[in-house]
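Chain by chain, the residues run as shown.
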Amino acid sequence: MADPAPDMLLRLHSAANVVRAKHTDLQVRIRRRDAVEITRLKAAAVSRGHRFRDLVLGSPARHGAVLAGDLEPGAVTAALEAFGRAVLVEMASGPGRLRLAAEIARQGGAPS
Amino acid sequence: MSVKGYARARGADPKTIRRKIAEGVIARDADGLIDPEQADAAWASTRQAPRQHINGEAGAQAATARIAAAASKLRLMQQRFEQEDGRYTDRAAAAIVARCEARYALDVMHAAPDSAAADAFARSLGIDTGIARTILRKFIALVLAEVGDLEAQAMRDVEMA
């Protein structure tokens, strides 16, 4: 029977070369900035989300009195705060968000 | 056996046999001949797997060990690559997602004055729904002016990440 060892070793070495090539390809993509670290993206997205949230929740205090008109400013500010929180909750839990993002990414282009 | 004879019998280079003699691994008798049994015991058993068919069980064991080592090394390489690859995503795709999420947030904000939250706002103040929506549209406009260009911010964040 033919000795399988040389073939097996050759296959293993070939497979190792494939992995090395994939690793090199990844390094090239990183250096060209075609690939981005997911943790950095998440950190930026969280920071952006917190900024947005803080603006929404802080706006009633800044604008409630002006928007109240003839209404009681304190009541309008409180109502605007509750409204802002409800909008943020809807935004964070909306099922359309991730679905739309996935769809756009699959299409490979931005929505019109 | 002569050096050449032993080398031929074992499928080896005569230079290798002479080197092993110089290293003291293979001995030569007074006539300069090699005792094949001594040479096999001292050297042939440690030879590489490709000569398995000559060296029998020792060569087979060496071949198995080399295959196992190569397979383990490959598994480790694959594991390390998968771990590193999993840390990254395509930047262009991330930009699309970020832009999409920004537009979604803006869409929710623009639609908010006509949402159920707007009805709750009207009820809490005891005012007409139309008046409530007018107040809320102004409120949303002020908030969005403060937020600025959310899409541009998202794209910048992706570019800078």
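Our structure's up above, just so we're on the same page.
## Some words on the pattern of salt bridges
Next, step 1: Per the stated rule, a full pass over the model turns up 14 salt bridges over all chains.
Next, step 2: A salt bridge links Arg87 of chain B to Glu37 of chain A, with the nearest nitrogen and oxygen atoms 3.2 Å apart. Of this pair, Arg87 of chain B sits in the loop between α4 (52–85) and β1 (88–90) while Glu37 of chain A sits in strand β1 (residues 35–37), placing the two residues on different chains.
Next, step 3: In this structure, Asp119 of chain B engages Arg133 of chain B in a salt bridge whose closest nitrogen and oxygen atoms are separated by 3.2 Å.

## So, the interface of chain B and chain A
Next, step 1: Across the boundary between the two partners, chain B contributes 58 residues, which contact 57 residues of chain A.
Next, step 2: For the pair chain B and chain A, the number of links is four salt bridges.
Next, step 3: Between Asp90 of chain B and Arg29 of chain A there is a salt bridge, with the nearest N and O atoms lying 3.2 Å from each other.
Next, step 4: For the pair chain B and chain A, the number of links is 13 residue pairs in polar contact (both at pLDDT 80 or more).
Next, step 5: If you list the elements that add at least two residues to the side of chain B that touches chain A, you get α4, β1, α5 (91–111), α6 (116–125), α7 (129–147) and α8 (150–160) of chain B.
Next, step 6: Residues of the side of chain B that touches chain A, tallied by class, amount to 37 nonpolar, seven polar and 14 charged.
Next, step 7: Here β1 of chain A pairs with β1 of chain B via three bridges, running antiparallel. Directly across from Ala35 of chain A, in β1 of chain B, lies its bridge partner Asp90 of chain B.

## Details of unusual backbone geometry
Next, step 1: The phi dihedral of Arg33 of chain A falls on the positive side, at around 65 degrees, and the residue is not glycine.
Next, step 2: Structurally, Arg33 of chain A is set in the loop between α1 (5–31) and β1.

## Concerning the nonpolar core
Next, step 1: Counting 41 residues, the largest nonpolar core has Phe52, Phe83 and Met91 of chain A together with Met109 and Phe121 of chain B as its most contacted members.
Next, step 2: The leading source of residues in this core is α5 of chain B, at nine residues.
Next, step 3: Each residue touching Phe83 of chain A, except ones within four places of it in the same chain, is listed here: Ala112, Pro113, Ser115, Ala117, Ala118, Phe121, Leu136, Phe139 and Ile140 of chain B.
Next, step 4: Val19, Leu26 and Ala35 of chain A together with Ala71 of chain B belong to the second largest nonpolar core, which has twelve residues in total.

## Quick notes on the packing of aromatic side chains
Next, step 1: Inspection of every chain in the model, using the stated rule, returns three aromatic pairs over all chains.
Next, step 2: Centroid distance Tyr6 of chain B to Trp43 of chain B: 6.2 Å. Interplanar angle 55 degrees. Geometry classified as tilted. Of the two residues, Tyr6 of chain B sits in helix α1 (residues 3–10) while Trp43 of chain B sits in the loop between α3 (36–42) and α4, which places them 37 residues apart along the sequence.
Next, step 3: For Tyr6 of chain B, a relative accessible area of 0% translates into the label buried.
Next, step 4: What makes Trp43 of chain B buried here is its relative accessible area of 6%.
Next, step 5: Taken together, Phe83 of chain A together with Phe121 and Phe139 of chain B form an aromatic cluster joined through their ring pairs.

Basis of the calculations
Residues numbered from 1 in each chain as written. Chains lettered and ligands numbered in written order. Predicted model: local features only at pLDDT ≥ 70, side-chain atom pairs only at ≥ 80, totals over all residues. Heavy atoms only, no water. Salt bridge = Lys/Arg side-chain N within 4 Å of Asp/Glu carboxyl O. Helix = DSSP H or I, 4+ residues; strand = E, 2+ residues; numbered from the N terminus. Contact = heavy atoms within 4.5 Å. Polar contact = N/O pair within 3.5 Å; in protein donor to acceptor, adjacent residues only side chain to side chain. Nonpolar A, V, L, I, M, F, W, Y, C, P; charged D, E, K, R; others polar. Pairing = 2+ DSSP bridges. Core = buried A, V, L, I, M, F, W, Y, C linked by side-chain atoms within 4.5 Å. Buried < 20%, exposed > 50% of the residue type's maximum accessible area, 1.4 Å probe, protein only. Phe/Tyr/Trp six-rings, centres within 6.5 Å; stacked < 30°, edge-to-face > 60°.

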